[in-house]
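Architecture and fold: a report
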Amino acid sequence: MQRPFLDGSAYNDRKTFVVKCMLSQYLQKLLGKHPAKTKPIIDAERFDTLKSRLQKELFQPFDESKAFFPEEAALIKSIRTETAALNRNNITRTQAYLAFYNRNPEVHWAFLAHMVSRNGGYHMTDLKSSNMTHLLDRAERQKFFLFLERANSAIFADAFPQLLLYEHSKQKELPLRRYLPVFRISRFMAPIWESFIEVPHSPLLTTALIINEQRMLQERILKRTRHGEILRRLDFQLQEYLGFMKVIFPYANKQKGLHSLTGLTVERFADPKQRIETGKLLYVLLFQHPVVFRGVGHFTKEIPHTGSREDYWASIYTSDGSTSKDDKIYSPTLHDAWKDQPFFPPHSFDWFTNESFMEDLRSLPIIKKEDLTNEVLENVKQLKTLNEMKAIF
């Protein structure tokens, strides 16, 4: 077959394309990674409709309504009071997410947030564990804890009023668009909630909330407070000391006092795109693998969250710091490790200023469940050894 004639410009374009493909394949082979497989969240027609609604939202003012009827003002006050009370610490936030999900199981994000918040508590108490006594000094531990607390409380302050407004809308029709600006919630979420109320679609709502909370965190806190620098340092030191840190889901009883684990390794946490992708992967892992969903659900019903890793590995960790128990690792409860911190509202401008984030709503990754139990056990041993070596040198 005769090859079609290509002029110089077309030939160069094709040559450039081929080179890029070869380079991409080489890098994938070098890094041992392959393009992630995905599946659409909604069909193309519905996505185009939603995208159009979001594009129109960009031209809406990000202003709070000034006039409310007494009944409306009472609802706003009630939501603010409840959110503030439940935002006291990691334990109250984690319990609040689970309680809401149990009342509203169609809001998948609340259960995902509960499990991620459990892990947030573990990371907070890790800073006071016997495995970290020599790796970080007291001032560094305090700074890292305050960063974790600040980030988690800011997300709760943004997300929980949305959840409560939705819950109230199930009892009595509410124009959510009118209320969202009062709580300084991004315009991005108004069409999302309206779409969900019209035609409930849990994966779409979950993905949108993941995007909203991570973009809010990036723009309102990490870019405009000292916590951004702390996060960059945290990323570096987690690679050095806790590079094997994972978000884990206990999903089965391996043996007495030792749950089997699945989950993901935390990588490049300072990158908001990576945090969004991690959130999506965790959501798929939790909700689209029946063994994991059932197992984690059973775990959350049986084991109240304390912040101590003893919750899922009682044969390895102990929350009793008064004595060494069979050479177990001391993992304190949150209440024993840290005092409650005052909440400081973040900057209140809207992060949603262009269309670039809309494509993140198009698809979810496909991920296989991996049992990480043995890998995490090995990481615990490595961290213990590293801590002991640090004490010597």
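Residues numbered from 1 in each chain as written. Predicted model: local features only at pLDDT ≥ 70, side-chain atom pairs only at ≥ 80, totals over all residues. Heavy atoms only, no water.

**As for the overall build of the protein**
The criterion, for reference: For the purposes of this entry, the term helix denotes a DSSP run of H or I that reaches at least four residues, the term strand denotes a run of E that reaches at least two, and both are numbered from the N terminus. We call a residue buried when its accessible area falls under 20% of the maximum for its residue type, exposed when it is over 50%, and partly exposed in between, using a 1.4 Å probe and counting protein chains only. What makes two residues a contact is simply this: any of their non-hydrogen atoms within 4.5 Å. Note that accessible areas follow from Shrake-Rupley with a 1.4 Å probe, and for residues the cover is restricted to the protein chains shown.
Across its full length, the protein holds 14 helices and six strands. Here the protein holds 393 residues, and the buried ones make up 50% of them. Taking all contacts inside the protein whose residues are at least 6 apart in sequence as the whole, residues at least 24 apart take part in 77%. As displayed, the protein has an accessible area near 20,400 Å², and 56% of this comes from carbon and sulfur atoms.

**Overview of the packing of helix 2 (residues 44-57) against helix 8 (residues 189-198)**
Threshold: To get an axis, a line is fitted to the C-alpha atoms, and for a helix only the part in contact is used. The angle between two axes follows their N-to-C directions and goes from 0 to 180 degrees. Our angle categories are set so that under 35 degrees counts as roughly parallel, over 145 as roughly antiparallel, 65 to 115 as roughly perpendicular, and the remainder as oblique. Handedness of a crossing follows from how the near helix is turned relative to the far one, being left-handed for an anticlockwise turn of less than a right angle and right-handed for a clockwise one. Note that Gly is not counted as nonpolar here; it falls among the polar residues with everything else outside the nonpolar set of Ala, Val, Leu, Ile, Met, Phe, Trp, Tyr, Cys and Pro and the charged set of Asp, Glu, Lys and Arg.
Closest axis-to-axis distance for the helix 2/helix 8 pair is 9 Å, and the angle between their directions is 140 degrees. Relative to helix 8, helix 2 is oriented oblique. Our pair here, helix 2 against helix 8, has a crossing hand that is right-handed. Taking contact as the criterion, the partners of Arg46, Leu50, Arg53, Leu54 and Glu57 in helix 2 are, on helix 8, Ala190, Pro191, Ile192, Glu194, Ser195 and Glu198. Here the contact of helix 2 with helix 8 is built from residues that sort into five nonpolar, one polar and five charged.

**Digging into unusual backbone geometry**
Even without glycine at this site, Arg184 takes up a positive phi of about 60 degrees. Residue position: Arg184 is located in the loop between helix 7 (176-179) and helix 8. Judged by its relative accessible area of 22%, Arg184 falls in the partly exposed class.

**Some points on the nonpolar core**
Here is the rule: Buried residues of nine kinds, namely Ala, Val, Leu, Ile, Met, Phe, Trp, Tyr and Cys, make up a nonpolar core once their side-chain atoms join them within 4.5 Å.
With 90 residues, the main nonpolar core has Trp109, Phe188, Met189, Trp193, Phe249, Leu286 and Leu361 as its most contacted residues. Here this core gets 14 residues from one element, more than from any other, and that element is helix 6 (residues 138-171). Beyond its immediate sequence surroundings of up to four residues, Phe188 is in contact with Leu54, Ala208, Ile211, Asn212, Trp351, Phe352 and Leu361. Counting 13 residues, the second largest nonpolar core, distinct from the first, contains Phe299, Ile316, Leu372 and Val376.

**Quick word on the pattern of salt bridges**
Under the convention used in this document: In what follows, salt bridge is the name for a side-chain nitrogen of Lys or Arg lying within 4 Å of a carboxyl oxygen of Asp or Glu.
The final tally for this structure, using the stated rule, is 19 salt bridges. Residues Asp126 and Arg309 are paired through a salt bridge, measuring 2.7 Å at the closest nitrogen-oxygen approach. Taken together, the residues span a long stretch of sequence, with Asp126 in helix 5 (residues 108-126) and Arg309 in the loop between helix 12 (290-302) and strand 4 (317-318) at a distance of 183 residues. Across the pair, Arg309 and Asp126 agree in class, each one buried. Where salt bridges share partners, they join Arg53, Glu57, Arg177, Glu194 and Glu198 into one cluster.

**Overview of the packing of aromatic side chains**
Heads up, the rule is: Pairing of aromatic rings covers Phe, Tyr and Trp, the last counted by its six-membered ring, and requires centre-to-centre distances within 6.5 Å; plane angles under 30 degrees mean stacked, over 60 mean edge-to-face, and any other angle means tilted.
According to the stated counting rule, one finds 22 aromatic pairs in the structure shown. Measuring from ring centre to ring centre gives 6.2 Å for Trp193 and Phe196, while their planes differ by 90 degrees; the resulting arrangement is edge-to-face. In this pair, Trp193 and Phe196 are both assigned in helix 8, three residues apart and thus about one turn of the helix distant. Accessibility assignment for this pair places Trp193 and Phe196 in one class, buried.

**A word on the confidence of the model for the protein**
Here is the rule we go by: Values of pLDDT, which run from 0 to 100, indicate the predictor's confidence residue by residue.
Here the protein shows a mean pLDDT of 86. Residues at 70 or above account for 83%. Here helix 1 (residues 8-31) is the element of the protein with the lowest mean pLDDT, 42, and helix 4 (residues 90-103) is the one with the highest, 98.

**As for helix 6**
This is how the line gets drawn: To estimate how far a helix should reach, multiply one less than its number of residues by 1.5 Å. Think of it this way: the bend at a residue is just the angle between two axes, each fitted to seven residues, one set ending at that residue and the other starting at it. Distance and chemistry together define a polar contact, namely a pair of N or O atoms within 3.5 Å, with one atom able to donate a hydrogen and the other to accept it when in protein, and with adjacent residues in sequence counting only for side-chain atoms on both sides.
Its 34 residues place the ends of helix 6 49 Å apart at the C-alpha level, agreeing with the 50 Å of an ideal helix rising 1.5 Å per residue. When the local axis directions of helix 6 are compared, the greatest deviation, roughly 25 degrees, occurs at Ala159, which is followed within four positions by the proline Pro161. For helix 6, the tally of buried residues reaches 25 of 34 residues, placing the bulk of the element in the interior. Capping the start of helix 6, Asp137 holds a side-chain oxygen 3.2 Å from the backbone nitrogen of Ala139, two or three residues further along.

**A few points about the environment of Ile42**
If you trace the backbone, Ile42 turns up in the loop between strand 1 (38-40) and helix 2. For Ile42, a relative accessible area of 10% gives the class buried. Sequence separation between Ile42 and Leu364 is 322 residues; the distance between their C-alpha atoms is 9.9 Å. The residues touching Ile42, leaving out its near neighbours within four places in the chain, are Phe47, Leu50, His201, Leu204 and Arg362.

**Looking at the pairing of strand 3 (residues 258-265)**
The condition that has to hold: The rule for pairing is simple: two strands pair if DSSP sees at least two bridges between them.
Among the eight residues in strand 3, seven count as buried, and that is most of the element. The hairpin turn running from strand 2 (residues 246-255) into strand 3, its antiparallel successor, is two residues long, and Gly257 in that turn takes a positive phi close to 80 degrees.

**Observations concerning the environment of Leu163**
Its place among the elements puts Leu163 in helix 6. Given a relative accessible area of 0%, Leu163 falls into the buried group. Between the C-alpha atom of Leu163 and that of Trp109, which follows or precedes it by 54 residues, the distance is 9.7 Å. Excluding its chain neighbours within four sequence positions, the residues that come into contact with Leu163 are Phe100, Val107, Trp109, Ala110 and Trp193.

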